[in-house]
Amino acid sequence: MILLMGIAGSGKGTQGKMLADQNKMHLISMGDVLRMYVTGVQRERMLAGGLLDDHEIIAIVGNVLAQIPDDEEVILDGFPRTIKQAEWLIDQVKAGKFSLKLGLHLVASRSAVKQRLLKRGRLDDTESAMEARFDEYERSTMPLINWLNNNGVKVVNIDAERPVEIVNKDITNNLKLE
Ligand code: AMP
């Protein structure tokens with residue numbers, strides 16, 4: 001299992017897809033899964049740029065992962081995003097359900113990703129939702145990166161402000177080292 005983490009607009013979706021295609025890996029995008037299934041208050045929360053409840057997310061990701069054959073390598077885009085979610089994942093690894101290869105942290109500044117998101121124009125790419133997602137990333141996901149490194153999961157920082165192909169090469173090289 002490979003974890004893809006990073007600020008909104010850092011290219012997790014794009015890089016995840018490239019990696020999955022190139023290596024025949026199974027890609028799970030948490031955001032895509034949630035956009036398909038989540039309704040009502042939760043959907044409002046997503047559109048406002050807030051994170052969804054850890055319990056709910058863990059139940060959903062557990063179901064999705066259970067459907068993937070054991071011999072397929074999985075790329076998880078956008079999970080974990082909080083320490084609680086990571087604790088669950090590590091428990092699963094300890095129980096022998098998955099093996100965790102590497103975390104990839106796509107690093108980019110707010111100003112760089114803002115331009116990308118404005119061009120993309122998804123429903124949650126409004127000014128206020130973007131700011132909320134950037135704040136959430138700083139509050140929840142940044143501390144998680146250190147936490148993972150301190151808990152035996154190697155996370156590599158990847159400069160994600162570079163062109164897509166260069167970032168893809170960098171990621172591929174890092175995977176080869178593992
Ligand atoms: P993304 O497509 O990765 O930008 O995710 C879009 C939105 O889905 C986020 O802003 C959150 O509202 C929600 N989301 C995705 N992954 C998670 C997660 N692991 N935990 C909580 N909320 C999530």
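In the block above lies the structure referred to throughout.
Only a predicted model underlies this, so the values are computations on that prediction, with no experimental measurement involved.

Quick notes on the rules
Residues numbered from 1 in each chain as written. Predicted model: local features only at pLDDT ≥ 70, side-chain atom pairs only at ≥ 80, totals over all residues. Heavy atoms only, no water. Near = heavy atom within 4 Å. Polar contact = N/O pair within 3.5 Å; in protein donor to acceptor, adjacent residues only side chain to side chain. Areas by Shrake-Rupley, 256 points an atom, 1.4 Å probe, with all protein chains shown as cover. Buried < 20%, exposed > 50% of the residue type's maximum accessible area, 1.4 Å probe, protein only. Helix = DSSP H or I, 4+ residues; strand = E, 2+ residues; numbered from the N terminus. Pairing = 2+ DSSP bridges. Axes fitted to C-alpha atoms, helices over the stretch in contact; angles between N-to-C directions. Contact = heavy atoms within 4.5 Å. Core = buried A, V, L, I, M, F, W, Y, C linked by side-chain atoms within 4.5 Å. Phe/Tyr/Trp six-rings, centres within 6.5 Å; stacked < 30°, edge-to-face > 60°.

Draft legend 1. Fine view of the site of the ligand. Surveying the vicinity of the ligand reveals 15 residues, the closest of which are R35, G50, G78, R81 and Q85. Within the side chain of R35, an N or O atom sits 3.0 Å from an oxygen atom of the ligand. Taking G78, its main chain carries an N or O atom lying 2.8 Å from a nitrogen atom of the ligand. Protein coverage of the free-state accessible area of the ligand, which is 480 Å², stands at 97%.

Draft legend 2. Region of interest: the pairing of strand β1 (residues 2-6). When you tally the buried positions in β1, you get five out of five residues, the bulk of the element. Two elements, β1 and strand β3 (residues 74-77), share three bridges in a ladder whose sense is parallel. Looking at the pairing, I2 lines up with I75 of β3. As paired strands, β1 and strand β4 (residues 102-107) are joined by five bridges and run parallel to one another. The residue of β4 that forms the bridge with I2 is L102.

Draft legend 3. Main features of the sheet that holds β4. The five strands are arranged β2-β3-β1-β4-β5 in an open sheet whose pairing can be described as parallel. Of all strands in the sheet, those bounded by a partner on one side alone are β2 (26-29) and β5 (155-159). Across the sheet, the axes of successive neighbouring strands diverge by a mean angle of 20 degrees, strand direction being ignored. As judged from the four bridges shared by β2 and β3, these two strands associate in the parallel manner. Paired with L27 across the strands is I75, a residue of β3. The sheet contacts of helix α2 (residues 30-37) involve β2 and β3, and relative to β2 the element is tilted by about 60 degrees.

Draft legend 4. Spatial organisation of the nonpolar core. Counting residues in each nonpolar core, the largest one holds 28 residues, and the members touching the most others are L65, L76, F79 and L148. Elements that contribute at least two residues to this core include exactly β1, α2, α4 (54-66), β3, α5 (83-94) and α7 (127-150). In contact with L65, not counting residues within four places along its chain, are M1, I28, V74, W88 and F98. One finds I2, L4, F134 and L175 within the second-largest nonpolar core, a separate group that totals 23 residues.

Draft legend 5. Summary view of the packing of aromatic side chains. Counted under the stated rule, the structure contains one aromatic pair. Where F79 meets W88, the ring centres are 6.0 Å apart and the plane angle is 85 degrees; that geometry is what we call edge-to-face. For the pair shown, F79 and W88 are each scored as buried.

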